[in-house]
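Tertiary structure, described
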Amino acid sequence: MSRPTGVTILAILAAIGGVLGLLGGLAIIGVGGIAGGVVGGAAGAAIGGLAVIGGLIVLVLAVLELALAYGFWNLRPWAWQLGVILAAVQIVIAILGVLRIVFYQDLSGAIISIAISGVILYYLNQVEIRRAFNAPEKGFPGFPDGLPGLK
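In this report, we go over the structure that sits alongside the text. What you are looking at is a predicted structure, and each value in this text was computed from that prediction instead of being measured.

Details of the overall build of the chain
A tally of helices and strands in the chain yields five helices and zero strands. Listed by position from the N terminus, the elements making up the chain come as α-α-α-α-α. For the chain, the C-alpha atoms occupy an extent of roughly 55 × 30 × 30 Å along the three principal directions. Evaluated residue by residue, the chain yields a buried proportion of 30% over its 151 residues.

Here it is in structure tokens:
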């Protein structure tokens, strides 16, 4: 089956996001190290440590984005699952940001993020897109009747 145009677009966007994430993660680690050195002492060590942890999280997410881009481009079945999971996680993070449980830039950014992730979830769950990835026509692989606790 040929790759649907929407999947091609998602693959390209995921690749761009992955490359930018790699650069951003490295920048966070570098700037955090510099800031920690400038501040010095225990506070500097804390700043540097938090920056390294944050930068590593961004790097891991960037690698997942690059893997997603590869999987979307090649219509790998695992990419459909990863795309659904990442979109759902992004919605949860944005909602937690709106509730101020986690840091998020602003309300409008969170709403836009929720809308985009929702559109991606909707798109990935279209029958023809599921078929392109050899995903089941409904449910989630391993959970054909839905995820436990969400019935």
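Some words on the nonpolar core
Core analysis: the largest hydrophobic core is formed by 22 residues, its most contacted members being Val 7, Leu 68, Phe 72, Trp 80, Val 84, Leu 124 and Phe 133. At the level of secondary structure, the elements contributing two or more residues to this core comprise helix H1 (5-39), helix H2 (41-73), helix H3 (77-98), helix H4 (107-124) and helix H5 (127-132). In terms of residue count, H3 provides more of this core than any other element does, seven residues in total. Discounting residues that sit within four places of it in the chain, Val 7 has contacts with Phe 72, Leu 75, Tyr 123, Ile 129 and Phe 133.

Re the packing of aromatic side chains
Applying the stated criterion across every chain, the model contains one aromatic pair. Consider the rings of Phe 72 and Phe 133, whose centres lie 5.6 Å apart with planes at 55°: the pair is tilted. Placement of the pair is Phe 72 in helix H2 and Phe 133 in the segment after H5, with a sequence separation of 61 residues. Given a relative accessible area of 0%, Phe 133 falls into the buried group. One cation-aromatic arrangement involves Arg 3 over Trp 73; the distance from NZ or CZ to the ring centre is 3.7 Å.

Description of the packing of H3 against H4
Running from N to C, H3 and H4 cross one another at 155°; their axes reach a closest spacing of 9 Å. Between H3 and H4, the interaxial angle falls into the category roughly antiparallel. In the crossing of H3 with H4, the sense of the turn from one axis to the other is left-handed. Residues Trp 80, Gly 83, Val 84, Ala 87, Ala 88, Gln 90, Ile 91, Ala 94, Ile 95 and Val 98 of H3 lie in contact with H4, whose contacting residues are Leu 107, Ala 110, Ser 113, Ile 114, Ser 117, Gly 118, Ile 120, Leu 121 and Leu 124.

Points about the environment of Gly 55
Mapped onto the fold, Gly 55 is located in helix H2. The exposure class assigned to Gly 55 is buried, which follows from its relative accessible area of 0%. Discounting residues that sit within four places of it in the chain, Gly 55 has contacts with Gly 25, Ile 28 and Ile 29.

Focus: H3
When the terminal C-alpha atoms of H3 are compared, their 33 Å separation across 22 residues agrees well with the 32 Å that a helix rising 1.5 Å per residue should span. Taken together, the buried positions of H3 are Ala 79, Trp 80, Leu 82, Gly 83, Val 84, Leu 86, Ala 87, Ile 91, Ala 94 and Gly 97. Buried residues belonging to H3 abut H2, H4 and H5. Phi turns positive one or two residues past the end of H3, at Arg 100, with a value near 65°.

Rules of the game
Residues numbered from 1 in each chain as written. Predicted model: local features only at pLDDT ≥ 70, side-chain atom pairs only at ≥ 80, totals over all residues. Heavy atoms only, no water. Helix = DSSP H or I, 4+ residues; strand = E, 2+ residues; numbered from the N terminus. Buried < 20%, exposed > 50% of the residue type's maximum accessible area, 1.4 Å probe, protein only. Core = buried A, V, L, I, M, F, W, Y, C linked by side-chain atoms within 4.5 Å. Contact = heavy atoms within 4.5 Å. Phe/Tyr/Trp six-rings, centres within 6.5 Å; stacked < 30°, edge-to-face > 60°. Lys NZ or Arg CZ within 6 Å of the ring centre and 35° of its normal. Axes fitted to C-alpha atoms, helices over the stretch in contact; angles between N-to-C directions. Parallel < 35°, antiparallel > 145°, perpendicular 65-115°, else oblique. Left-handed = near helix turned anticlockwise from the far one by under 90°. Expected span 1.5 Å × (residues − 1).

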